[in-house]
Amino acid sequence: MTTQHVSVTVNGEVREADVEPRLLLVHLLRENFGLTGTHVGCDTSNCGACTVHVDGVSAKSCTMLAVQANGSTIKTIEGMANGADLHPLQQAFWDQHGLQCGFCTPGMIMQSAWLLEQNPDPSEAEIREGISGNLCRCTGYVNIVKSIQQAAQQMQAAESAPAEPAAAS
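Analysis parameters
- Residues numbered from 1 in each chain as written.
- Predicted model: local features only at pLDDT ≥ 70, side-chain atom pairs only at ≥ 80, totals over all residues.
- Heavy atoms only, no water.
- Core = buried A, V, L, I, M, F, W, Y, C linked by side-chain atoms within 4.5 Å.
- Buried < 20%, exposed > 50% of the residue type's maximum accessible area, 1.4 Å probe, protein only.
- Helix = DSSP H or I, 4+ residues; strand = E, 2+ residues; numbered from the N terminus.
- Contact = heavy atoms within 4.5 Å.
- Domains from an automatic or database assignment.
- Buried area = accessible area lost by both parts, 1.4 Å probe.
- Polar contact = N/O pair within 3.5 Å; in protein donor to acceptor, adjacent residues only side chain to side chain.
- Pairing = 2+ DSSP bridges.
- Axes fitted to C-alpha atoms, helices over the stretch in contact; angles between N-to-C directions.
- Salt bridge = Lys/Arg side-chain N within 4 Å of Asp/Glu carboxyl O.
- Arc of directions from axis to C-beta.

### Focus: the nonpolar core
Logical step 1: Formed by 20 residues in total, the largest nonpolar core has its most connected members in L89, F93, M108, I144 and I148.
Logical step 2: The set of elements that each furnish at least two residues to this core consists of α2 (88-95), α3 (105-118) and α5 (142-160).
Logical step 3: Of all the elements, α3 adds the most residues to this core, at six residues.
Logical step 4: Non-local contacts of F93, meaning those with residues more than four positions away in its chain, are made with G98, L99, T105, M108, I109, S112, I144, S147 and I148.
Logical step 5: Core analysis: the next-biggest nonpolar cluster, separate from the first, contains 18 residues, V8, L23, L35 and A69 among them.

### Quick notes on the domain arrangement of the protein
Logical step 1: Domain annotation of the protein identifies domain 1 (4-79) and domain 2 (88-159).
Logical step 2: At the interface, 18 residues of domain 1 touch 14 residues of domain 2.
Logical step 3: Interface area, domain 1 with domain 2, both sides summed: about 1,200 Å², of which 59% is carbon and sulfur.
Logical step 4: Connecting domain 1 to domain 2 are eight residue pairs in polar contact (both at pLDDT 80 or more).

### Concerning the sheet that holds strand β3 (residues 51-54)
Strand pairs in the sheet, formed through backbone hydrogen bonds, run parallel or antiparallel to each other.
Logical step 1: With mixed pairing, the five strands of this open sheet are ordered in space as β2-β1-β5-β3-β4. Lying at the two open borders of the sheet, with one neighbouring strand each, are β2 (13-19) and β4 (57-60). Adjacent strand axes in the sheet meet at a mean angle of 40 degrees when their direction is disregarded.
Logical step 2: The strands that helix α1 (residues 25-32) touches are β1 (4-10), β2, β3 and β5 (73-75); relative to β2, the one it contacts most, it runs at about 105 degrees.
Logical step 3: Of the strands in this sheet, β3, β4 and β5 are in contact with α3, which crosses β3 at around 40 degrees.

### Re the pattern of salt bridges
Logical step 1: Applying the stated criterion across every chain yields a total of three salt bridges.
Logical step 2: We note a salt bridge from E13 to R15, for which the minimum N-O separation is 3.7 Å.
Logical step 3: When its relative accessible area of 44% is taken as the criterion, E13 is described as partly exposed.

### Quick notes on unusual backbone geometry
Logical step 1: Here H97, not a glycine, exhibits a phi torsion of approximately 55 degrees, which is positive.
Logical step 2: Considering the arrangement of structural elements, one finds H97 in the loop between α2 and α3.
Logical step 3: With phi around 75 degrees, Y141 is a residue other than glycine that occupies positive phi space.
Logical step 4: On the accessibility criterion, Y141 (21% relative accessible area) is partly exposed.

### Digging into the pairing of β1
In regular strands, side chains alternate between the two faces of the sheet.
Logical step 1: Inspection of the sheet shows β1 paired to β2 by seven bridges, in the antiparallel sense. Considered in β2, the bridge of S7 is made with E16.
Logical step 2: Where β1 folds back onto β2 in an antiparallel hairpin, the turn is made up of two residues, including N11, whose phi is positive at roughly 50 degrees.
Logical step 3: Here β1 runs beside β5; their pairing, made up of two bridges, is parallel. Bridging across to β5, T9 finds its partner in T73.

### A few points about α1
Logical step 1: L25, V26, L28 and L29 are the residues of α1 that are buried. Along the axis of α1, the buried positions cluster into a sector of 165 degrees, meaning they face one direction only.
Logical step 2: Looking at the packing, one finds that the buried side of α1 touches β1, β2, β3 and β5.
Logical step 3: Downstream of α1 by one or two residues, G34 has phi in the positive range, about 70 degrees.

Right, here's the structure in full:
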(Lines give C-alpha, C1' and ligand atoms only; values in the text may rest on other atoms or scores of the structure.)
Protein backbone atom coordinates (compact mmCIF):
# COMPACT_ATOMS: atom_id res chain seq x y z
CA MET A 1 0.00 0.00 0.00
CA THR A 2 1.14 3.53 -0.75
CA THR A 3 2.08 5.78 2.14
CA GLN A 4 1.93 9.52 2.53
CA HIS A 5 4.30 11.69 4.53
CA VAL A 6 2.66 13.62 7.37
CA SER A 7 4.27 16.39 9.36
CA VAL A 8 2.42 17.85 12.35
CA THR A 9 3.34 19.89 15.38
CA VAL A 10 2.12 18.01 18.45
CA ASN A 11 2.32 19.73 21.82
CA GLY A 12 4.97 22.08 20.43
CA GLU A 13 7.13 19.39 18.83
CA VAL A 14 7.32 18.73 15.08
CA ARG A 15 6.63 15.06 14.42
CA GLU A 16 6.68 13.22 11.13
CA ALA A 17 5.55 9.83 9.87
CA ASP A 18 4.86 7.96 6.69
CA VAL A 19 1.32 6.65 7.00
CA GLU A 20 -1.29 4.79 5.02
CA PRO A 21 -3.87 7.28 3.72
CA ARG A 22 -6.61 5.55 5.75
CA LEU A 23 -4.85 5.92 9.13
CA LEU A 24 -6.93 7.87 11.62
CA LEU A 25 -5.42 10.78 13.54
CA VAL A 26 -6.10 9.02 16.86
CA HIS A 27 -3.97 6.07 15.73
CA LEU A 28 -1.18 8.35 14.50
CA LEU A 29 -1.07 9.95 17.93
CA ARG A 30 -1.27 6.71 19.90
CA GLU A 31 0.63 4.21 17.76
CA ASN A 32 3.13 6.30 15.83
CA PHE A 33 3.85 8.99 18.41
CA GLY A 34 3.17 7.06 21.65
CA LEU A 35 0.72 9.66 22.99
CA THR A 36 -1.73 7.25 24.58
CA GLY A 37 -3.67 9.85 26.57
CA THR A 38 -5.97 10.26 23.59
CA HIS A 39 -8.36 7.31 23.89
CA VAL A 40 -10.23 5.30 21.28
CA GLY A 41 -13.77 4.79 22.51
CA CYS A 42 -16.26 4.35 19.71
CA ASP A 43 -14.67 5.18 16.30
CA THR A 44 -17.88 7.02 15.39
CA SER A 45 -17.33 10.41 17.13
CA ASN A 46 -20.15 9.71 19.59
CA CYS A 47 -18.17 9.44 22.84
CA GLY A 48 -15.50 12.17 22.59
CA ALA A 49 -12.76 10.14 24.32
CA CYS A 50 -10.48 10.98 21.38
CA THR A 51 -10.93 14.77 21.56
CA VAL A 52 -7.84 16.84 20.75
CA HIS A 53 -7.27 20.37 19.46
CA VAL A 54 -6.35 20.75 15.79
CA ASP A 55 -5.25 24.26 14.89
CA GLY A 56 -6.96 25.51 18.05
CA VAL A 57 -10.30 23.84 17.37
CA SER A 58 -11.73 20.91 19.30
CA ALA A 59 -11.73 17.83 17.08
CA LYS A 60 -12.62 14.16 17.46
CA SER A 61 -9.51 12.41 16.23
CA CYS A 62 -11.27 9.09 15.55
CA THR A 63 -13.04 10.58 12.53
CA MET A 64 -10.16 12.59 11.11
CA LEU A 65 -7.55 11.06 8.85
CA ALA A 66 -3.93 11.65 9.77
CA VAL A 67 -3.28 13.02 6.27
CA GLN A 68 -6.00 15.64 6.86
CA ALA A 69 -3.95 16.93 9.79
CA ASN A 70 -0.78 17.33 7.73
CA GLY A 71 0.75 20.73 8.51
CA SER A 72 -1.50 21.27 11.52
CA THR A 73 -0.77 22.09 15.12
CA ILE A 74 -2.24 19.52 17.47
CA LYS A 75 -2.62 19.65 21.23
CA THR A 76 -3.31 16.51 23.24
CA ILE A 77 -3.86 15.91 26.93
CA GLU A 78 -0.11 15.35 27.27
CA GLY A 79 0.41 18.99 26.26
CA MET A 80 -1.93 20.49 28.86
CA ALA A 81 0.35 20.50 31.92
CA ASN A 82 3.23 22.94 32.28
CA GLY A 83 5.95 20.59 33.40
CA ALA A 84 4.95 19.31 36.83
CA ASP A 85 2.23 21.96 37.16
CA LEU A 86 -1.16 20.66 36.14
CA HIS A 87 -3.39 22.76 33.91
CA PRO A 88 -6.21 24.33 35.99
CA LEU A 89 -8.67 21.90 34.39
CA GLN A 90 -6.55 18.89 35.32
CA GLN A 91 -6.23 20.17 38.88
CA ALA A 92 -9.95 20.92 39.11
CA PHE A 93 -10.89 17.44 37.89
CA TRP A 94 -8.69 16.11 40.70
CA ASP A 95 -10.02 18.53 43.33
CA GLN A 96 -13.70 18.10 42.44
CA HIS A 97 -13.56 14.34 41.78
CA GLY A 98 -14.57 14.93 38.16
CA LEU A 99 -13.40 11.49 37.14
CA GLN A 100 -13.97 7.93 38.17
CA CYS A 101 -12.62 5.35 35.76
CA GLY A 102 -10.77 8.09 33.86
CA PHE A 103 -11.40 6.77 30.35
CA CYS A 104 -13.33 9.83 29.18
CA THR A 105 -11.25 12.31 31.18
CA PRO A 106 -8.58 13.28 28.60
CA GLY A 107 -11.21 13.99 25.94
CA MET A 108 -13.46 15.73 28.47
CA ILE A 109 -10.59 17.98 29.59
CA MET A 110 -9.65 18.80 25.99
CA GLN A 111 -13.26 19.69 25.15
CA SER A 112 -13.56 21.72 28.36
CA ALA A 113 -10.35 23.63 27.56
CA TRP A 114 -11.72 24.55 24.15
CA LEU A 115 -15.05 25.53 25.74
CA LEU A 116 -13.29 27.84 28.22
CA GLU A 117 -11.28 29.41 25.39
CA GLN A 118 -14.56 30.23 23.63
CA ASN A 119 -16.41 31.24 26.80
CA PRO A 120 -14.25 31.94 29.87
CA ASP A 121 -17.28 32.29 32.19
CA PRO A 122 -19.89 29.75 31.09
CA SER A 123 -23.10 29.10 32.97
CA GLU A 124 -23.89 25.57 34.12
CA ALA A 125 -26.21 25.18 31.13
CA GLU A 126 -23.49 26.38 28.74
CA ILE A 127 -21.02 23.93 30.27
CA ARG A 128 -23.45 21.06 29.90
CA GLU A 129 -24.12 22.04 26.28
CA GLY A 130 -20.39 22.51 25.63
CA ILE A 131 -19.50 19.00 26.80
CA SER A 132 -22.62 17.32 25.38
CA GLY A 133 -20.58 15.58 22.68
CA ASN A 134 -18.42 13.85 25.29
CA LEU A 135 -19.87 10.89 27.14
CA CYS A 136 -19.07 9.75 30.67
CA ARG A 137 -20.55 6.49 31.81
CA CYS A 138 -19.42 6.79 35.45
CA THR A 139 -19.84 10.23 37.02
CA GLY A 140 -23.30 11.54 36.20
CA TYR A 141 -21.57 14.80 35.09
CA VAL A 142 -22.22 16.73 38.36
CA ASN A 143 -18.58 16.72 39.42
CA ILE A 144 -17.39 17.26 35.86
CA VAL A 145 -19.45 20.46 35.74
CA LYS A 146 -18.07 21.50 39.15
CA SER A 147 -14.56 20.84 37.86
CA ILE A 148 -15.07 23.07 34.83
CA GLN A 149 -16.59 25.80 37.00
CA GLN A 150 -13.59 25.68 39.37
CA ALA A 151 -11.13 25.83 36.49
CA ALA A 152 -13.00 28.75 34.90
CA GLN A 153 -12.82 30.69 38.18
CA GLN A 154 -9.13 29.92 38.66
CA MET A 155 -8.26 30.82 35.08
CA GLN A 156 -10.16 34.12 35.32
CA ALA A 157 -8.45 34.93 38.63
CA ALA A 158 -5.03 34.18 37.11
CA GLU A 159 -5.77 36.45 34.14
CA SER A 160 -6.88 39.35 36.32
CA ALA A 161 -4.03 39.02 38.83
CA PRO A 162 -1.39 41.72 38.53
CA ALA A 163 1.88 40.56 37.05
CA GLU A 164 4.67 40.04 39.56
CA PRO A 165 7.41 42.67 39.25
CA ALA A 166 10.73 41.45 37.93
CA ALA A 167 13.38 40.86 40.57
CA ALA A 168 15.94 43.65 40.87
CA SER A 169 19.44 42.78 39.73
